[in-house]
Amino acid sequence: MNENSIHTLEQGRAKFAYDCVHKIAQDDNADLKKKYKSGAKKLPVLIKTNGLGQTLAFINKRDSGNEKLYGIIGKWLNHKQLVTLDGGINLVDAVINRPSNEYRQITNETLALLNWVRRFVDGLMKDVEEEN
């Protein structure tokens, strides 16, 4: 992979993350924003500690903020064609049934996306308190 394609990939992640965070930041639901901000900051640590599959199972349907994060991860991985979420397949199933090399690639891509999400949460949601 050359430097231009890496740069373009990072730009794509950044734009996608910005659009997702900006949409949440504009929402009137203070509780959603609070949970989203907290989740965005905690998720990378949870993934590194427990693994991607376990973390996705934990956050799926946990609360509104984590559901949004679960949704954007699925949307991004589907867009990057790392998982296929057609036909009612959920993200957890799509991730945990991958061979270990693909699982690591999906994990790395998710962490790279969440790095951008966390950055934009810090910038766009400064006035939102984090949940404890």
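Residues numbered from 1 in each chain as written. Predicted model: local features only at pLDDT ≥ 70, side-chain atom pairs only at ≥ 80, totals over all residues. Heavy atoms only, no water.

Draft legend 1. Main features of the overall build of the protein. Helix and strand counts for the protein come out as six helices and zero strands. Shown N-terminal to C-terminal, the secondary structure of the protein runs as helices and strands in the order α-α-α-α-α-α. Once the C-alpha set of the protein is aligned to its principal axes, its extents read approximately 40 × 35 × 30 Å. Buried positions account for 42% of the 132 residues belonging to the protein. Sequence separation of at least 24 residues holds for 71% of the intrachain contacts in the protein that already meet a minimum separation of 6. Of the roughly 7700 Å² that the protein leaves accessible, carbon and sulfur atoms contribute 47%. Of the charged side chains in the protein, 20 are positive and 17 negative; the average position of the first set lies 2 Å away from that of the second. (Helix = DSSP H or I, 4+ residues; strand = E, 2+ residues; numbered from the N terminus. Buried < 20%, exposed > 50% of the residue type's maximum accessible area, 1.4 Å probe, protein only. Contact = heavy atoms within 4.5 Å. Areas by Shrake-Rupley, 256 points an atom, 1.4 Å probe, with all protein chains shown as cover. Lys, Arg positive; Asp, Glu negative; His and termini not counted. Charge placed at Lys NZ, Arg CZ, Asp CG, Glu CD.)

Draft legend 2. Representation of the packing of aromatic side chains within the structure. For the coordinates displayed, the defined rule picks out three aromatic pairs. When the centroid spacing of 5.0 Å and the interplanar angle of 40 degrees are considered together, the rings of Phe16 and Trp76 count as tilted. Here Trp76 lies in helix α4 (residues 64-79) and Phe16 lies in helix α1 (residues 3-25), a separation of 60 residues in the sequence. Grouping residues by exposure puts Phe16 and Trp76 together as buried. Here the aromatic rings of Tyr18 and Phe120 are separated by 5.3 Å at their centres, their planes lie at 75 degrees, and the arrangement is edge-to-face. Placement of the pair is Tyr18 in helix α1 and Phe120 in helix α6 (residues 100-124), with a sequence separation of 102 residues. (Phe/Tyr/Trp six-rings, centres within 6.5 Å; stacked < 30°, edge-to-face > 60°.)

Draft legend 3. Seen up close, the nonpolar core. Core analysis: the biggest nonpolar cluster contains 37 residues, and Tyr36, Leu56, Leu77, Leu91, Val117 and Met125 have the highest contact counts within it. Elements represented by at least two residues in this core include exactly α1, α2 (30-50), α3 (52-59), α4, α5 (91-96) and α6. For this core, the element with the highest residue contribution is α6, accounting for eight residues. (Core = buried A, V, L, I, M, F, W, Y, C linked by side-chain atoms within 4.5 Å.)

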